[in-house]
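Structural characterization, general
Okay, here's what each chain looks like letter by letter:
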Amino acid sequence: MKYETMIWSGCSMTMGNGMIEDNPSKDFIKSDSVIWKHPKFYELFPDVKTYGEAMEAVKQTTYPMLLGKKLGLKTYNLAVGGSGIEVQLKALTSFLLNAKIDYSKTLFCYQIPELSRVEILNNLDKPKAEMDKFTFHPFNYNIIEDNPNLQYFFRNHFDFDYYTAKHLMRLVEYKGFLKSKGIDSMFFGEIEQFKYEEKTDEFMQNNMLNFNPWSHEDVKFPSWKSLIKELDIKNPQRNTQIRTLKDDGYGDDMHYSPNGHKQLAKIYERFLRERNFLPTIYRFV
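Figured I'd write up the structure that's included with this text. (Residues numbered from 1 in each chain as written. Predicted model: local features only at pLDDT ≥ 70, side-chain atom pairs only at ≥ 80, totals over all residues. Heavy atoms only, no water.)

**Quick notes on the overall build of the protein chain**
Check the secondary structure of the protein chain and you find eleven helices and six strands. At 20 Å, the protein chain has a C-alpha radius of gyration in line with the 19 Å of a compact globule built from 285 residues. Over its C-alpha atoms, taken along the principal directions, the protein chain stretches across nearly 65 × 55 × 40 Å. When burial is assessed residue by residue, the protein chain has 44% of its 285 residues classed as buried. Here the protein chain displays about 16,600 Å² of accessible surface, and carbon together with sulfur accounts for 50% of that area. Averaging the positions of the 38 positive and the 38 negative side-chain charges in the protein chain gives two centres separated by 7 Å. (Helix = DSSP H or I, 4+ residues; strand = E, 2+ residues; numbered from the N terminus. Rg over C-alpha atoms; globule rule 2.2 N^0.38 Å. Buried < 20%, exposed > 50% of the residue type's maximum accessible area, 1.4 Å probe, protein only. Areas by Shrake-Rupley, 256 points an atom, 1.4 Å probe, with all protein chains shown as cover. Lys, Arg positive; Asp, Glu negative; His and termini not counted. Charge placed at Lys NZ, Arg CZ, Asp CG, Glu CD.)

Next up, the structure:
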């Protein structure tokens, strides 16, 4: 087999959020009893007692890990829930530069999150216990609505289409970085979700680079189509209804259920094998 290692990244949909009640800190994940978001999880994971055990159980439930088991690959799930590409790619680069893996035998797969998500530090009203570390605002519209400081930032210093274009270019650059390391990569998502909402493509091409009123060379920002073409985004789950926690009776959460993760593992296995990324010696069952 060509690959030995598979790395996935993405947001909460890939991380497997929606099962554990809250996000435990590293200080108590080993000893504190887990609180699941729905009583059915206690039945699904009867031997899981602590947050640490629950986090590992959820990890092994996610479709990247299930896919890795099907393919016999050492798999890492680097997804970061509630975040965008700034946070996720920072974690991925940190992993790649520290890990002892053969880049030439590594496949990276990325579930592209909403491109307008930005990384924002929270330096206001930090408790003393957190003064020795960075704290972040989750990109959550409910939090923005309830926080005047965030409202000020987004009203005065944010533009949805600007960050969409900026992050599309960042992904193109990152794909080149991965290629320079000898790492094969695939980007997944629904292309329609990455379109500009208010501004025309011509406007974006003419205005993304106007930080200064003039420049020595007349350079235009790439067209939206050219950025999308460079990324070659795939969507194997198109027209497939993936089971959610709500669908399977785990409350009202729209994250993928354990059954949904199993569906996705099968979908991505078929996709990779049909495109000769992997041997076609197995049946898809």
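**Observations concerning the sheet that holds strand E1 (residues 5-9)**
In spatial order, the strands read E2-E1-E3-E6; together these four strands make up an open sheet with parallel pairing. A strand with exactly one partner marks an edge of an open sheet, and here the two such strands are strand E2 (74-77) and strand E6 (184-188). Pairwise comparison of adjacent strand axes, ignoring direction, gives a mean angle of 15 degrees for this sheet. Its contacts with the sheet place helix H8 (residues 160-180) against strand E3 (106-111) and E6, and it is angled at close to 155 degrees to E6. Contacting E1, E3 and E6, helix H11 (residues 258-274) crosses the sheet at an angle of about 130 degrees to E6. (Pairing = 2+ DSSP bridges. Axes fitted to C-alpha atoms, helices over the stretch in contact; angles between N-to-C directions. Contact = heavy atoms within 4.5 Å.)

**Thoughts on the packing of helix H3 (residues 51-61) against helix H4 (residues 63-71)**
Packing of H3 against H4 brings their axes to within 5 Å, and their N-to-C directions diverge by 60 degrees. Taken together, the axis directions place H3 and H4 in an arrangement best described as oblique. Taken together, the residues of H4 that come into contact with H3 (itself represented by Lys59, Gln60 and Thr61) are Tyr63, Met65, Leu66 and Lys69. Partitioned by chemical class, the residues of the contact of H3 with H4 number three nonpolar, two polar and two charged. (Parallel < 35°, antiparallel > 145°, perpendicular 65-115°, else oblique. Nonpolar A, V, L, I, M, F, W, Y, C, P; charged D, E, K, R; others polar.)

**Some points on unusual backbone geometry**
The residue Asp232 is not glycine, and still its phi comes out positive at about 55 degrees. By secondary structure assignment, the location of Asp232 is in the loop between helix H10 (224-231) and H11. Asp232 gets classed as partly exposed once you look at its relative accessible area, which sits at 40%. A positive phi angle, close to 65 degrees, is found at Asn239, a residue other than glycine. Counting through the fold element by element, Asn239 comes out in the loop between H10 and H11. Since its relative accessible area comes to 78%, Asn239 is described here as exposed.

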